[in-house]
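Given next are the chains, with one letter for each unit.
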Amino acid sequence: MSTPEIVGLAGNFTRPSKTRGFVASIADEVARRQGLQAATFDIVDLGESFRTANWAAELDEHARDIFRQVSAAKLLVVGSPTYKGSYTGLLKHFFDLLDPTALKGKPLLLLGTGGGPRHGVLGLDTTRGDRLFISLLGSAFIHLAWLGLIGPGLWWALGLSIVYAVAVFRWV
């Protein structure tokens, strides 16, 4: 098999994975439009040697082949599920083991997944966007009530709004 020109790398370590599907669909679509070949990998594809390797030389042959394909690609599509606002540690480990010059001048498309619905105290599913809207709307009401009942000193209203927003993101 020839080396794919577009390589997708998903930072997830479980299957099935929405992140891998998202990365694969983007890589495949770009490849289709450009008439190129695409391949998508994830952390699971790298095998057990990847998790314990301190250097790229410690990888097994299959993992080294994936590293070679990433290094030879014309375009990288990299995606990661977000955990507490960050990418996965194993994805960072991948790039720690990769030769830094392998990415020089290489176009890179970064993707992130996460923030799915959560069932909170409201009794309905909410996403991060819903919680942001609820916290902004509530903060506006807090400020309006503060202005109407207490007056123009809004520092305490700001503090109360921050506490309210934290509570919304934590429990709603």
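Rules behind the numbers
- Residue positions are given per chain, counted from 1 along the sequence in the order it is written.
- Since the coordinates come from a predicted model, pLDDT governs what is reported: local features require at least 70, and pairs of side-chain atoms require 80 or more to be given and counted, while whole-chain, interface and lining totals use all residues.
- In computing side-chain values, all of the structure's heavy atoms are included and hydrogens and water are not.
- Each residue carries a pLDDT score, the predictor's own confidence in it, on a scale running from 0 to 100.
- Runs of E in the DSSP output that reach at least two residues are strands. Runs of H or I that reach at least four are helices, and both are numbered from the N terminus.
- Grouping buried Ala, Val, Leu, Ile, Met, Phe, Trp, Tyr and Cys residues that are joined through side-chain atoms within 4.5 Å yields what is termed a nonpolar core.
- Buried residues are those whose accessible area, probed at 1.4 Å on protein chains only, stays under 20% of the maximum for their type, while exposed residues exceed 50% and partly exposed ones sit between those limits.
- Residue contacts are counted whenever heavy atoms from the two residues lie within 4.5 Å of one another.
- Whether two strands pair depends on DSSP finding at least two bridges between them.
- To pair, rings of Phe, Tyr and Trp, with the six-membered ring standing in for Trp, must have centres within 6.5 Å; the planes then decide the type, stacked if under 30 degrees apart, edge-to-face if over 60, and tilted in the middle.
- Orientation is described by axes fitted as lines to C-alpha atoms, over the contacting stretch for helices, and by angles from 0 to 180 degrees between their N-to-C directions.
- Should an angle fall under 35 degrees it is taken as roughly parallel, and over 145 as roughly antiparallel, whereas 65 to 115 is taken as roughly perpendicular and any remaining angle as oblique.
- With the far helix as reference, a near helix turned anticlockwise by less than a right angle produces a left-handed crossing, and one turned clockwise produces a right-handed crossing.
- In this classification, Asp, Glu, Lys and Arg are treated as charged, Ala, Val, Leu, Ile, Met, Phe, Trp, Tyr, Cys and Pro as nonpolar, and every other residue, Gly included, as polar.

Examining the confidence of the model for the chain
Thinking step 1. Of all residues in the chain, 97% attain a pLDDT of 70 or more, and the chain-wide mean is 90.
Thinking step 2. Mean pLDDT values over the elements of the chain span from 74, in strand β5 (residues 118-119), up to 96, in strand β1 (residues 6-10).

Description of the nonpolar core
Thinking step 1. Of all hydrophobic cores here, the largest spans 22 residues; its most connected members are Leu46, Phe50, Leu59, Phe67 and Phe94.
Thinking step 2. Listed by contribution, the elements that provide at least two residues to this core are β1, β2 (38-42), α2 (43-46), α4 (61-72), β3 (75-81) and α5 (89-97).
Thinking step 3. Once you skip the residues sitting within four places of it in the chain, leucine 46 turns out to touch Asp60, Ala63, Ile66, Phe67 and Phe94.
Thinking step 4. With eight residues, the next largest nonpolar core counts Val23, Ala27, Ala31 and Leu111 among its residues.

What about the pairing of β2?
Thinking step 1. In terms of burial, β2 is largely enclosed, as four of its five residues are buried.
Thinking step 2. Pairing analysis gives five bridges linking β1 to β2, with the strands arranged parallel. Bridge pairing in β2 links glycine 8 to threonine 40.

So, the packing of aromatic side chains
Thinking step 1. Counted according to the given criterion, the structure contains three aromatic pairs.
Thinking step 2. Through a chain of ring-to-ring contacts, three or more aromatic side chains come together here, namely Phe50, Phe67, Phe94 and Phe95.

Brief notes about the sheet that holds β2
Working definition: the strands of a sheet are paired by backbone hydrogen bonds and lie parallel or antiparallel to each other.
Thinking step 1. In space, the four strands of this open sheet follow the order β2-β1-β3-β4, with parallel pairing throughout. What marks the edges here is a single partner per strand, and that holds for β2 and β4 (108-113). For this sheet the average axis-to-axis angle between neighbouring strands, irrespective of direction, equals 15 degrees.
Thinking step 2. Seen against the sheet, α5 touches β1 and β3 and runs at an angle of roughly 150 degrees to β3.

Some details on the environment of tryptophan 146
Thinking step 1. The residue tryptophan 146 is located in helix α6 (residues 128-149) in this model.
Thinking step 2. Here tryptophan 146 is in contact with Gly151, Gly153, Leu154, Trp156 and Ala157, once residues within four sequence places are set aside.

A closer look at the packing of α6 against helix α7 (residues 155-171)
Thinking step 1. α7 packs onto α6 with a crossing angle of 155 degrees between their chain directions and a minimal axis gap of 9 Å. By the angle between their axes, α6 is roughly antiparallel relative to α7. Viewed along their axes, α6 and α7 form a crossing whose handedness is right-handed. Of the residues in α7, those touching α6 at Arg128, Arg131, Leu132, Ile134, Ser135, Gly138, Ser139, Ile142, His143 and Trp146 are Trp156, Ala157, Leu158, Leu160, Ser161, Tyr164, Ala165, Val168 and Phe169.
Thinking step 2. Taken together, the residues of the contact of α6 with α7 sort by class into 12 nonpolar, five polar and two charged.

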